[in-house]
Amino acid sequence: MNQRERMVSGLPYKAWLDGLPEARMRAKRLWTEYNALDPDDNARRDAILDELLGAHGAEPYIEAPFRCDYGSNLTVGDYFYANYGCIILDIAPVAIGSNVMLAPNVGIYTAGHPVHPDARRSGYEYGRPITIGDDVWIGASAVICPGVTIGAGSVIGAGSVVTRDVPPGVVAAGNPCRVVRAITGDDKKYFFRRIPFDVDWESETQQQT
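So, here is what we can say about the structure in this document. Quantities reported herein were computed from a predicted structural model and do not represent experimental measurements. (Residues numbered from 1 in each chain as written. Predicted model: local features only at pLDDT ≥ 70, side-chain atom pairs only at ≥ 80, totals over all residues. Heavy atoms only, no water.)

From N to C terminus, the protein chain includes 5 helices and 22 strands. Since a compact globule built from 209 residues should have a radius of gyration of about 17 Å, the 19 Å found for the protein chain is in line with a globular shape. When the backbone C-alpha atoms are referred to their principal axes, the protein chain occupies close to 60 × 40 × 25 Å. Here the protein chain holds 209 residues, and 36% of them are scored as buried. Contacts in the protein chain between residues far apart in sequence, at least 24 positions, make up 26% of those at least 6 positions apart. For the protein chain, the accessible surface area stands at approximately 11300 Å², while carbon and sulfur atoms represent 54% of it. Distance between charge centroids for the protein chain: 11 Å, based on 20 positive and 26 negative side chains. (Helix = DSSP H or I, 4+ residues; strand = E, 2+ residues; numbered from the N terminus. Rg over C-alpha atoms; globule rule 2.2 N^0.38 Å. Buried < 20%, exposed > 50% of the residue type's maximum accessible area, 1.4 Å probe, protein only. Contact = heavy atoms within 4.5 Å. Areas by Shrake-Rupley, 256 points an atom, 1.4 Å probe, with all protein chains shown as cover. Lys, Arg positive; Asp, Glu negative; His and termini not counted. Charge placed at Lys NZ, Arg CZ, Asp CG, Glu CD.)

See the structure below:
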């Protein structure tokens, strides 16, 4: 395998060989242009995302500034939204589902380096894939570490450092991130903590569909 193939396979690889610097420069040029766009230039924004991302569903929206390593290893589902300051190091594949929301300054990092300094000086690094299920909300300044899977419908608290898998349908928070509680049907009543909705959002949603 060449170094690009080793990289996406999760094996140790050298980042300065086999066209990898050129691929990173391509991504850098695209997101640099993206971050400088007039906010009303929706056509060019969409065109850049088409070129930058490996694949995407309907109506992705990423607030500037945004940065990634390759873009080609990043796939998102329908109605993906990332707020300001998102950084995704997509050395290994990053697969994000539909209706996922990222708060400001979320970092999703597949990249890593050997722990021992002698091994680190060899120049070899690695990436481990990250998977984020449908309907996940990740709070501000959370960090998602290499190899993590976050299950569908879960919420990650602001400032969390996610080093292990998170099951579906839970609230998880902390450093390291741990499950706080399950999300239940009772949570539909409230919009913030135990403050109830003053609108019938379920009826409104049914009317819109």
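Moving on, we come to the pattern of salt bridges. Taken as a whole and judged by the stated rule, the model has 7 salt bridges. Close ionic contact of Asp118 with Arg121 constitutes a salt bridge, the shortest N to O distance being 2.4 Å. Remark: Arg121 and Asp118 occur in helix α4 (residues 117-121); sequence separation between them is 3 residues, near one turn of the helix. Exposure remark for Arg121: the relative accessible area of 62% places this residue in the exposed category. (Salt bridge = Lys/Arg side-chain N within 4 Å of Asp/Glu carboxyl O.)

Core analysis: the largest hydrophobic core is formed by 37 residues, its most contacted members being Ile96, Leu102, Ile108, Ile132, Ile138, Ile150 and Ile156. Looking at this core, the elements with two or more residues in it are α2 (20-35), α3 (42-52), β4 (66-68), β5 (74-76), β7 (86-89), β8 (94-96), β13 (130-132) and β19 (170-173). Setting aside its immediate chain neighbours within four residues, Ile132 contacts Ala95, Ile96, Gly97, Val100, Ile108, Ile138 and Ile150. Formed by 7 residues, the second largest nonpolar core is a distinct cluster that contains Met7, Leu20, Ala23 and Ile91. (Core = buried A, V, L, I, M, F, W, Y, C linked by side-chain atoms within 4.5 Å.)

Another point: the side chain of Asp69. Relative to the elements of secondary structure, Asp69 occurs in the loop between β4 and β5. Despite its burial, Asp69 pairs with no opposite charge, the nearest such side chain being Arg24 at 5.4 Å. Look past the residues within four positions of Asp69 in its chain and what remains in contact with it is Ala23, Arg24, Ala27, Ile88, Leu89, Asp90 and Ile91.

So, on to the sheet that holds strand β15 (residues 143-144). Strand order in this open sheet of 5 strands is β4-β7-β10-β15-β18, and the pairing throughout is parallel. Only two strands of the sheet have a single partner each, and these edge strands are β4 and β18 (161-162). Summarising the sheet, β15 and β18 pair through 2 bridges and their orientation is parallel. Within β18, the position partnered with Val143 by the bridge is Val161. (Pairing = 2+ DSSP bridges.)

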